[in-house]
Amino acid sequence: MTKRISLTGIKPTGIPHIGNYLGAIKPALKLSETCEARYFIADYHALNSCKDPQEIRNMTLEIAAAWLASGLDPQQTLFYRQSDVPETFELLTILLAFTPKGLMNRAHAYKAMLQSNAKSGKDPDDGVNMGLYTYPVLMAADILLFDTDFVPVGNDQFQHVEMAQDIAQSFNYVYGCEGFKIPQPLAHEDSKTLVGLDGRKMSKSYNNTIPMFAPEKQLRKLIMSIVTNSQSVEEPKNPDTCSVFSLYKNFGTTAQLEALRQRYLAGGMGWGHAKQELFEVMNAHLSPLRERYNELMADPSVIHKALKEGGERARSLAAQKIVQLRKIIGIA
Ligand code: TRP
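Calculation criteria
Residues numbered from 1 in each chain as written. Predicted model: local features only at pLDDT ≥ 70, side-chain atom pairs only at ≥ 80, totals over all residues. Heavy atoms only, no water. 1 Å grid on protein atoms, 1.4 Å probe; cavity = no way out; pocket = protein on both sides within 12 Å on 5 of 7 lines; lining within 4 Å. Points joined across faces, edges and corners; volume = space filled by probe spheres on them. Nonpolar A, V, L, I, M, F, W, Y, C, P; charged D, E, K, R; others polar. Axes fitted to C-alpha atoms, helices over the stretch in contact; angles between N-to-C directions. Helix = DSSP H or I, 4+ residues; strand = E, 2+ residues; numbered from the N terminus. Parallel < 35°, antiparallel > 145°, perpendicular 65-115°, else oblique. Left-handed = near helix turned anticlockwise from the far one by under 90°. Contact = heavy atoms within 4.5 Å. Buried < 20%, exposed > 50% of the residue type's maximum accessible area, 1.4 Å probe, protein only. Salt bridge = Lys/Arg side-chain N within 4 Å of Asp/Glu carboxyl O. Core = buried A, V, L, I, M, F, W, Y, C linked by side-chain atoms within 4.5 Å.

## Re empty space enclosed by the protein
Inference 1: For the coordinates displayed, the defined rule picks out one cavity of 30 Å³ or more.
Inference 2: Empty space within the largest cavity amounts to approximately 30 Å³.
Inference 3: Along the lines of polarity and charge, the residues of the lining of the largest cavity split into four nonpolar, two polar and one charged.

## Considering the packing of helix α4 (residues 87-96) against helix α14 (residues 301-329)
Inference 1: As a packed pair, α4 and α14 sit with axes 9 Å apart at the nearest point and diverge in direction by 25 degrees. Looking at the two axes, α4 sits roughly parallel to α14. Remark: the crossing between α4 and α14 carries left-handed chirality. Residues Glu87, Glu90, Leu91 and Ile94 of α4 form the contact with α14, whose participating residues are Arg315, Ala318, Ala319, Ile322, Leu325, Arg326 and Ile329.
Inference 2: Residues belonging to the contact of α4 with α14 are distributed by class as follows: seven nonpolar, no polar and four charged.

## Here's the deal with unusual backbone geometry
Inference 1: Even without being a glycine, Asp147 presents a positive backbone phi close to 50 degrees.
Inference 2: Turning to its location among the elements, Asp147 is positioned in the loop between α8 (135-144) and β4 (150-153).
Inference 3: Judged by its relative accessible area of 27%, Asp147 is partly exposed.

## Examining α8
Inference 1: Of all the 10 residues making up α8, 10 are buried; the element is thus mostly covered by neighbouring parts of the structure.
Inference 2: Inspection of α8 places Tyr135, Pro136, Val137, Leu138, Met139, Ala140, Ala141, Asp142, Ile143 and Leu144 among the buried residues, and these make up the whole buried set.

## A word on the side chain of Asn48
Inference 1: Residue placement: Asn48 occurs in the loop between α2 (43-47) and α3 (53-69).
Inference 2: Residues contacting Asn48, with those up to four places away along its chain left out, are Asn129, Gly131, Leu132 and Tyr135.

## Observations regarding the pattern of salt bridges
Inference 1: Summed over all chains, the structure comprises 13 salt bridges.
Inference 2: Glu87 is the salt-bridge partner of Arg315, the closest N and O atoms lying 3.2 Å from each other. Within this pair, whereas Arg315 is found in helix α14, its partner Glu87 is found in helix α4, the two being separated by 228 residues in sequence.
Inference 3: A salt bridge links Asp149 to Lys181; its shortest N-O distance comes to 3.3 Å. Within this pair, whereas Asp149 is found in the loop between α8 and β4, its partner Lys181 is found in the loop between α9 (158-175) and β5 (184-187), the two being separated by 32 residues in sequence.
Inference 4: A relative accessible area of 8% places Asp149 in the buried class.

## A look at the nonpolar core
Inference 1: Ranked by internal contacts, the top residues of the largest apolar core, which has 54 residues, are Ile18, Trp67, Phe79 and Ile210.
Inference 2: If you list the elements that add at least two residues to this core, you get α1 (18-31), β2 (36-41), α3, α10 (216-224), α11 (243-248), α12 (254-266), α13 (271-298) and α14.
Inference 3: Considering each element in turn, this core owes the most residues, 10 residues, to α13.
Inference 4: Phe40, Ala141, Ala168 and Phe171 belong to the second largest nonpolar core, which has 40 residues in total.

This is how it looks when you write it as structure tokens:
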């Protein structure tokens with residue numbers, strides 16, 4: 001049986017935090033064991049908001065290193081930069097002709113910008129460039145170019161994948177053929193539940209994150225800063241309402257979890273002890289990744305080579321798809 005194809009785009013945002021790792025990177029790598037995975041760095045998407053060339057370059061390198069250090073095997077998973085597949089932008093042009101303007105008007109990200117402009121009394125389209133406005137069409141091109149079955153994404157991206165479905169269906173209907181496979185969004189299960197240092201969801205915008213490759217000392221310091229309640233050492237504690245335990249669950253073995261749970265319930269364990277336990281399991285898990293990340297960043301030639309080879313393979317697949325599509329539309 002041929003394997004189903006899963007594809008996702010990775011925004012070049014620099015070094016990911018633990019929430020990104022557990023919520024997106026780990027599940028995507030797991031999926032690559034059973035699916036044919038195609039994961040790419042969405043560098044042209046970043047251009048809409050970032051006009052600093054050095055920053056785009058650095059962020060791309062860092063995010064590529066983070067995925068490779070986390071265990072992405074570029075022999076098994078097609079790993080490439082969007083910009084190395086220019087067929088994407090030809091497909092974008094094709095798809096634009098099948099995208100009603102009204103569909104873009106309904107995109108959440110665009111609507112949020114209109115709203116915030118209205119609030120601050122600005123022109124509704126202030127700060128909205130056409131790249132941002134047509135972002136969902138470029139994303140549809142990323143997806144449809146590779147005959148994707150599944151798109152593992154966070155909930156905020158579901159609408160975009162549904163737009164890709166709409167655009168693909170409209171194309172297939174017009175030509176009466178299956179030019180495009182209809183992709184399905186796939187939710188990462190536990191991406192919502194990870195708590196940050198202050199007890200709210202871990203997110204860059206709350207400034208409550210633990211960076212994936214924080215050096216040991218910084219990792220310990222961050223863990224020690226997790227907000228807990230003011231219960232004394234003697235008091236029994238509830239593991240199920242505790243941020244420290246909730247993070248521990250993602251790194252400890254079942255036996256370790258059970259042992260720590262008993263210590264919570266028994267009393268006699270202070271928050272400092274619980275945090276030390278958390279630091280130990282997290283550090284044991286992350287140390288090898290951190291080491292590998294530092295090695296890759298010290299000599300990025302390995303990263304460049306992986307991306308170049310992935311780009312070439314991706315491009316040859318994309319070129320075949322474009323030939324097929326050009327025939328369908330009569331431009332061949
Ligand atoms: N828009 C996605 C995000 O913000 C990134 C992305 C770009 C993507 N192209 C994609 C995700 C294609 C899945 C498929 O995270």
